[in-house]
Amino acid sequence: MEQTQTCQPSGSATRFNPESAPDYVPLKQLRALQLHRLQAIVGRAYERVELYRKRLDALGLKPQDLRKLADIAKLPFTVKTDLRDTYPYGMFASPLEEIVRLHASSGTTGKPIVVAYTKVDLDVWSSVMMRTLSACGLHRGDIIQNAYGYGLFTGGLGAHYGAEALGATVIPISGGNTDRQIMVLKDFGVTAICCTPSYFVHLVEKALEMGVNMKTLPLRAGIFGAEPWTEAMRRYVQEHTNIKAYDIYGLSEIIGPGVASECECQAGLHIFEDHFYPEIIDPQSGAVLPDGQEGELVLTTLSKQAMPMLRYRTRDITSLDTEACACGRTIRRIKRIARRSDDMFIIRGVNVFPSQVETALMNVEGTVPHYQIVLTREQGLDKMEVRVEVTPELFSDKVGAMETLAKKIGHSIFNITGIHVQVTLVEPRSIPRSEGKAKRVLDQRKM
Amino acid sequence: MKLKQLSVFLENRPGQVKVPCKALADAGVNILAMSLADTEQFGILRFIVKDPAKARDVLAKAGCVVKETEVLAVEVDDRPGGLLRLLEVFEKANMTIEYMYAFNANRPGGKAALAFRFDDPEIAVKALQGAGINAIAPIEL
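Since this is a predicted model, take the numbers as computed values, not measurements.

(A) Representation of the overall build of chain B within the structure. When its secondary structure is counted, chain B shows 4 helices and 6 strands. For chain B, the N- to C-terminal ordering of α and β elements is β-α-β-β-α-β-α-β-β-α. Across the 141 residues of chain B, 29% fall into the buried class.

Here's what the structure looks like:
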């Protein structure tokens, strides 16, 4: 008999949380709400933020020119450097007396970018994070270990407030201290964990080493975000533990975590579009692409008071799915983000994404070993080296077998990227582990 | 006799061989036979000890990737040509030796001992026995 794959939420996961009602709003009503909010937020941005006013004026645009949702395409884009250029408070649309929280994202170069929240913004943030956790099947009674970093990073506090709003029990352990994380997982009856996917893989490995079988724990859900990850990693995690691994999405510039989340179906991330309006554009031309087509995600905050973002270019590559989801949510889904246009590096004129290397490794080894891409330049020629940690499963006492392994990995990477790389097998744990976002690419080229 | 051999993966960097050797030394484990395979990029250290289970544990704790494989250890006469008889048997049986190395010298009874790695050590045992060589004779460790 043919089995059709349907979404069958487990009993406890179907508990409806009334706060998630906006996820199920009829589309007509949702679009009307979005237009109403869009007009208001563009008005607010125009009146209160110099950068927006100047840009709209330069185009001869007034907020009143937005008569339908599609008119959003008339607005200019906002990019990350705008936030750097106006550092620290230049993009605020609320006076500091109304701002109750600041966060900052770690910039890779120079100054960080600062983001601000009013009291109302924090309430919205809590509610979208609550809807996120709810979509991941969590509810009152769950014990959530929040291993996202607390502090300037939005991950920790974002997940924290959402979990509390849900009525779950939160363990604010923050990132790092792996031994203690495993002790708490084991001893506190933790049912869900929030952290970056690469850190969870690290926890799984460490637990194995410590003789802790994660399958014997009550842990049933992982809420993973803050970095792109692959289906291969999901398979690895779900095989080694009893959790369902959910992908969540967010970025500080928009609000933090809570922009989009998977549901029980794990088939794309529902975007909380009553607050964050999505568009997909061609990253080169900036033209809006039709639904279903892959391009760069652009987000407009529809309700953010302290720091409205109009058509913010996320650099994340995805597509919008308008198909109805089996879970019943009406809000649209974005495809899982496997890559960022930022992550991409160019080597000898070829665009390469770390996710391609990961797929190549998966094809050869069937697991996701720790790896790092090192880019160097020798006599004007770019070289790409992929360092792969040797695991007990991969290790052979025969030199030939090890050389074949390295060759196979090299071929597999060549097949996907078209680049000849040097594959170096390295000892376990010789590649630094991150307790936040994994650093996959080490670019040592001197430009 | 068949013995358990341990192998350790090593990067080509100064001081890398020391890591497993020091771990074994600290645990009071004596190495009875060893070989180091070197390639341009990495090395594989293989050795035989009395208590492989303990050594494996010690090495894993030191952060090494360890692999256990069976090798065939056979004694031969410690004189020119002593090894040749075995090699002839293996050749006749059309067997490929993956690699081999010798045990520490000065064994009792004028013997030398060698460790052979085959894909299937059982076939090698049978080939030797067919040639009248006692391949399951225990070897003093």
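On we go from here.
(B) Inspection of the overall build of chain A at higher detail. Of regular secondary structure, chain A possesses 10 helices and 21 strands. Each of the 447 residues in chain A was classed as buried or not, and the buried ones make up 43%.

(C) Summary view of unusual backbone geometry. Residues and elements named next belong to chain A. Here Tyr87 and Pro88 are connected by a cis peptide whose omega angle stands at -5°. Unlike most non-glycine residues, Asn177 shows phi in positive territory, near 55°. Mapped onto the elements of the fold, Asn177 is located in the loop between β4 (169-171) and α6 (178-187). Taking the C-beta count within 10 Å as the criterion, Asn177 has 13 such neighbours and is therefore assigned partly exposed.

(D) Local environment of the packing of helix α1 (residues 18-26) of chain B against helix α2 (residues 52-61) of chain B. All names here are of chain B. The N-to-C vectors of α1 and α2 enclose an angle of 125°; their axes lie 9 Å apart at closest approach. In terms of orientation, α1 lies oblique with respect to α2. Both α1 and α2 take part in a crossing whose hand is right-handed. For the pair α1 and α2, the contacting residues are Pro20, Ala23 and Leu24 in the first and Ala55, Val58 and Leu59 in the second.

(E) Broad picture of the environment of Glu40 of chain B. Residue and element names in this part refer to chain B. Residue position: Glu40 is located in the loop between β2 (31-38) and β3 (42-49). Residue classification places Glu40 among the exposed positions, given that 6 C-beta atoms sit within 10 Å. Between the C-alpha atom of Glu40 and that of Glu11, which follows or precedes it by 29 residues, the distance is 9.9 Å.

(F) View of the pairing of strand β6 (residues 111-117) of chain B. Residues and elements named next belong to chain B. Sheet topology places strand β4 (residues 66-77) next to β6; 6 bridges connect them, and they run antiparallel. Of the residues in β6, the one forming a bridge with Val74 is Leu114. Of the pairings in the sheet, the one linking strand β5 (residues 99-102) to β6 comprises 4 bridges and is antiparallel in character. Each residue of the ladder has a partner; that of Tyr99, found in β6, is Arg117.

(G) Seen up close, the sheet that holds β5 of chain B. Residues and elements named next belong to chain B. Strand order in the open sheet formed by 6 strands is β2-β3-β1-β4-β6-β5, with antiparallel pairing between adjacent strands. The open sheet is flanked by β2 and β5, the only strands paired with a single partner. Taken over all neighbouring pairs, the strand axes of this sheet differ in orientation by 30° on average, direction set aside.

(H) Structural context of the pairing of strand β6 (residues 221-224) of chain A. Residues and elements named next belong to chain A. Burial along β6 is two-sided: the face carrying Ala221 and Ile223 and the face carrying Gly222 and Phe224 are both buried. Examined bridge by bridge, strand β5 (residues 192-195) and β6 share 4 bridges and lie parallel to one another. Within β6, the residue paired with Cys194 across the bridge is Ile223. On the question of chirality, the crossover connecting β5 to the parallel β6 by way of helix α7 (residues 197-209) is right-handed.

(I) Representation of the sheet that holds strand β14 (residues 333-334) of chain A. All names here are of chain A. On the basis of which strands lie adjacent, the open sheet formed by 9 strands has the order β4-β3-β5-β6-β7-β8-β9-β14-β13 and mixed pairing. Either end of the sheet is taken by a strand with one partner, and the two such strands are β4 and β13 (320-321). Along the sheet, helix α4 (residues 119-135) contacts β6, β7 (244-251), β8 (256-262) and β9 (269-271); its crossing angle with β8, the most-contacted strand, is approximately 30°.

(J) Focus on the interface of chain B and chain A. Taken together, the contact between chain B and chain A spans 14 residues of the former and 16 residues of the latter. Here the residues of the side of chain B that touches chain A are counted per class, giving 5 nonpolar, 5 polar and 4 charged.

Here is what the cut-offs are and how they apply
- Position numbers for residues count from 1 along each chain, tracking the sequence in the order it is written.
- All chains are assigned letters beginning at A, and all ligands numbers beginning at 1, according to the order in which they are written.
- In keeping with the model being predicted, local features are shown solely for residues with a pLDDT of at least 70 and side-chain atom pairs are shown and tallied solely at 80 or more, while totals for entire chains, interfaces and linings include all residues.
- Strands are runs of DSSP state E lasting at least 2 residues, helices are runs of H or I lasting at least 4, and numbering of each runs from the N terminus.
- Every C-beta atom is placed from the backbone, and the number of other C-beta atoms within 10 Å of a residue's own sets its class: buried at 20 or more, exposed at 12 or fewer, partly exposed in between.
- Between N-to-C directions, angles cover 0 to 180 degrees, with each direction set by a line fitted to C-alpha atoms, over the stretch in contact for helices.
- Each angle receives one of four descriptions, namely roughly parallel if under 35 degrees, roughly antiparallel if over 145, roughly perpendicular if within 65 to 115, and oblique otherwise.
- Handedness of a crossing is defined here by the sense of rotation of the near helix relative to the far one, left-handed for an anticlockwise turn of less than a right angle and right-handed for a clockwise turn.
- Residues are treated as contacting if the C-beta atoms built from their backbones sit within 7 Å of each other.
- Pairing between strands is defined by DSSP: at least two bridges between the two strands are required.
- Crossovers are described as right-handed under a simple rule: with the strands pointing away from the observer, the path leading from the first strand over the helix to the second runs clockwise.
- Throughout this entry, Asp, Glu, Lys and Arg are counted as charged residues, while Ala, Val, Leu, Ile, Met, Phe, Trp, Tyr, Cys and Pro are counted as nonpolar. The remaining residues, Gly among them, count as polar.

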